[in-house]
Amino acid sequence: MASNGGEPWRVLVTRSFPEAGLLLLREEPNLEVVIPDEPDASDAMPYDKMKKMLAEAPGYDALLCFLTDKIDAELLDSAGSRLKTVSTMSVGYNHMDVAACTDRKLSLGHTPDVLTNTVADFILGVLIATCRRIPAGVKVVKDDVWGKWAPLYMCGRDVHHATVGIMGLGRIGMAVAKRLAGFDCEILYSDAFRMDERAATVGATYVEFDDLLARSDIVIPLCPLTAETTGLFDATAFGKMKKTAVLVNCSRGEIVNQDALYDALKNGTIWAAGLDVTVPEPLPASDKLVGLENCMIVPHMASATVACREDMARIAARNVIAAHRGEKLPHAVPGTSK
Ligand SMILES: NC(=O)c1ccc[n+]([C@@H]2O[C@H](COP(=O)([O-])OP(=O)(O)OC[C@H]3O[C@@H](n4cnc5c(N)ncnc54)[C@H](O)[C@@H]3O)[C@@H](O)[C@H]2O)c1
């Protein structure tokens, strides 16, 4: 057990948290959980409130946060030296200043693996819906403008036998590739690391990023949001893609330059896009991308199944519990040692 002068460890959970994770935290002896009451808990805790709460005596040993929380040096400084660990209920950790956390010797947890299959299933859904124009089909029926059958009415693009380019062949990229093998797709991948042996297990072939853009019918970024990947899909990248190409982005909105994407979709530089992530989130209905018939947008819901979110909550809780017990976090953010 991590020493805290006999006082209970205090964990600030910044918003409503699935019962499955809360139960684990509450069962842990000598751990006090502080969580906002409903209805406040349904929304992300405002940054200033989080800062104020962390600064208030007696302070907190752990922060359990979400991708909606910005965790930066200023916030960590307000928490002071009592804070020992930050656990996010997400696999992506671009909302956390990892260097600021490690500088302060904080352990950092995230929730990989448990969402991989759920997210991969959803990506297939977005991919098929976008290629086969399912939202447009639903709309004409609802609007009572279902047109007469005609040879090219509602025609989209095939998924089977398509060439699919995955940018970032990590956990989710591999799971998507595995699913697409069942559609007889040719899988290309690009990544910061080449991993031919692992890629071969899902029939994926390494290509340079420019080749991936030029050869793919469907392009799926699945790399993390970092300084290098911010705006990676810009006008230049779209210009290298096929005019018939479909972009499926379920990673992070910032990876795509949305003005460039709008132009590419409007001008026919690429054919369509399916997006689970945007900038900002929520994206207002007045945004120009929303008005495009060839852009399907859904509200960041790739990991949104009850079972998946409960599993994520349990992992986020177990990371806090491990830190409390003075153990290595079961799911530490890569490159953070504790
Ligand atoms: N829409 C959602 O709800 C949702 C859910 C889960 C994950 N995600 C996003 O998906 C991303 C991937 O998740 P994962 O579990 O597969 O992560 P992962 O770490 O297993 O895989 C990421 C891959 O990207 C590669 N990569 C890193 N930097 C790169 C770069 N600059 N260029 C090319 N490749 C690079 C890595 O080498 C790795 O192979 C997460 O970072 C997150 O942003 C979104």
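Residues numbered from 1 in each chain as written. Predicted model: local features only at pLDDT ≥ 70, side-chain atom pairs only at ≥ 80, totals over all residues. Heavy atoms only, no water.

### Thoughts on the overall build of the protein chain
Right, so step 1: From N to C terminus, the protein chain includes 12 helices and 12 strands.
Right, so step 2: In terms of overall dimensions, the protein chain is globule-like: its C-alpha atoms have a radius of gyration of 22 Å, near the 20 Å expected for 338 residues.
Right, so step 3: Partitioning the contacts of the protein chain with sequence separation of at least 6, the portion at a separation of at least 24 is 63%.
Right, so step 4: Put simply, the protein chain shows about 16000 Å² of open surface, and 55% of that area lies on carbon and sulfur atoms.
Right, so step 5: Distance from the positive charge centre (35 side chains) to the negative charge centre (44 side chains) of the protein chain: 2 Å. (Helix = DSSP H or I, 4+ residues; strand = E, 2+ residues; numbered from the N terminus. Rg over C-alpha atoms; globule rule 2.2 N^0.38 Å. Contact = heavy atoms within 4.5 Å. Areas by Shrake-Rupley, 256 points an atom, 1.4 Å probe, with all protein chains shown as cover. Lys, Arg positive; Asp, Glu negative; His and termini not counted. Charge placed at Lys NZ, Arg CZ, Asp CG, Glu CD.)

### Some details on the pairing of strand S7 (residues 186-190)
The two faces of the sheet receive side chains in turn, since in a regular strand these alternate between them.
Right, so step 1: Judged by how many residues are buried, S7 sits mostly within the fold: 4 of 5 residues are covered.
Right, so step 2: Inspection of the sheet shows strand S6 (residues 163-167) paired to S7 by 5 bridges, in the parallel sense. Looking at the pairing, methionine 167 lines up with serine 190 of S7.
Right, so step 3: As a crossover connection, the stretch from S6 through helix H7 (residues 171-181) into S7 is right-handed.
Right, so step 4: Judged from the 3 bridges that link them, S7 and strand S8 (residues 204-206) form a sheet pairing that is parallel. When the bridges of S8 are listed, leucine 188 appears paired with threonine 205. (Buried < 20%, exposed > 50% of the residue type's maximum accessible area, 1.4 Å probe, protein only. Pairing = 2+ DSSP bridges. Right-handed = clockwise from strand over helix to strand, strands pointing away.)

### Considering H7
Right, so step 1: For H7, every residue scored as buried is listed here: Ile172, Gly173, Met174, Ala175, Val176, Ala177 and Leu180.
Right, so step 2: Turning to H7, the residues buried within the fold contact helix H5 (116-131), S6, S7, helix H8 (196-200) and strand S9 (218-221).

### Digging into the packing of helix H1 (residues 19-27) against helix H12 (residues 306-324)
Two measures define how a pair of helices packs: the angle their axes make with one another and the distance between the axes.
Right, so step 1: Viewed as axis vectors pointing N to C, H1 and H12 meet at an angle of 20°, and their least axial separation amounts to 7 Å. If you check the angle between H1 and H12, you find them roughly parallel. As H1 runs across H12, the sense of the crossing is right-handed. Contact residues: H1 offers Ala20, Gly21, Leu24 and Leu25, while H12 offers Glu310, Ala313, Arg314, Ala317, Arg318, Val320 and Ile321.
Right, so step 2: In terms of residue class, the contact of H1 with H12 is made up of 7 nonpolar, 1 polar and 3 charged. (Axes fitted to C-alpha atoms, helices over the stretch in contact; angles between N-to-C directions. Parallel < 35°, antiparallel > 145°, perpendicular 65-115°, else oblique. Left-handed = near helix turned anticlockwise from the far one by under 90°. Nonpolar A, V, L, I, M, F, W, Y, C, P; charged D, E, K, R; others polar.)

### Things to note about the sheet that holds S9
Right, so step 1: Taken together, the 7 strands give an open sheet; going across it, the order is S8-S7-S6-S9-S10-S11-S12, and neighbouring strands pair in parallel fashion. The sheet terminates laterally at S8 and strand S12 (295-297), the two strands that pair on one side only. Direction aside, neighbouring strands of the sheet carry axes that sit 20° apart on average.
Right, so step 2: In terms of strand pairing, S9 meets strand S10 (residues 246-249) through 2 bridges, oriented parallel. In the sheet register, valine 219 faces S10, and the bridge partner there is leucine 247.

### Structural notes on the sheet that holds strand S1 (residues 9-13)
Right, so step 1: With parallel pairing, 5 strands are arranged side by side in an open sheet as S2-S1-S3-S4-S5. Each edge of the sheet is formed by a strand with only one pairing partner; in this case those strands are strand S2 (31-34) and strand S5 (107-109). Taking each pair of neighbouring strands and ignoring which way they run, the sheet shows an average axis angle of 15°.
Right, so step 2: Each of S1, S2 and strand S3 (62-65) touches H1; the most contacted strand, S2, lies at about 145° to it.

### Here we look at the packing of aromatic side chains
Given two aromatic rings, one states the distance between the centres and the angle between the planes to describe the pair.
Right, so step 1: Using the criterion set out here, one finds 4 aromatic pairs in the structure.
Right, so step 2: Pairing phenylalanine 209 with phenylalanine 233 gives two aromatic rings, centres 5.6 Å apart and planes at 90°, and the pair type is edge-to-face. Of this pair, phenylalanine 209 sits in helix H9 (residues 209-215) while phenylalanine 233 sits in the loop between S9 and helix H10 (235-240), and the two are 24 residues apart along the sequence.
Right, so step 3: The structure contains a cluster of three or more aromatic residues connected by ring pairs, namely Phe209, Phe233 and Phe238.
Right, so step 4: A cation over a ring is seen here: arginine 157 above tryptophan 271, with NZ or CZ 4.8 Å from the ring centre. (Phe/Tyr/Trp six-rings, centres within 6.5 Å; stacked < 30°, edge-to-face > 60°. Lys NZ or Arg CZ within 6 Å of the ring centre and 35° of its normal.)

### Concerning the packing of H5 against H7
Right, so step 1: Remark: H5 packs on H7, axes separated minimally by 9 Å, with the N-to-C direction vectors making an angle of 55°. Relative to H7, H5 is oriented oblique. As H5 packs across H7, the resulting crossing turns out to be right-handed. Of H7, the residues touching H5 (which contributes Thr116, Asn117, Val119, Ala120, Asp121, Ile123, Leu124 and Leu127) are Arg171, Ile172, Ala175, Val176, Arg179 and Leu180.
Right, so step 2: Of the residues belonging to the contact of H5 with H7, the class tally is 9 nonpolar, 2 polar and 3 charged.

On their own, these measurements won't tell you what the molecule is for.
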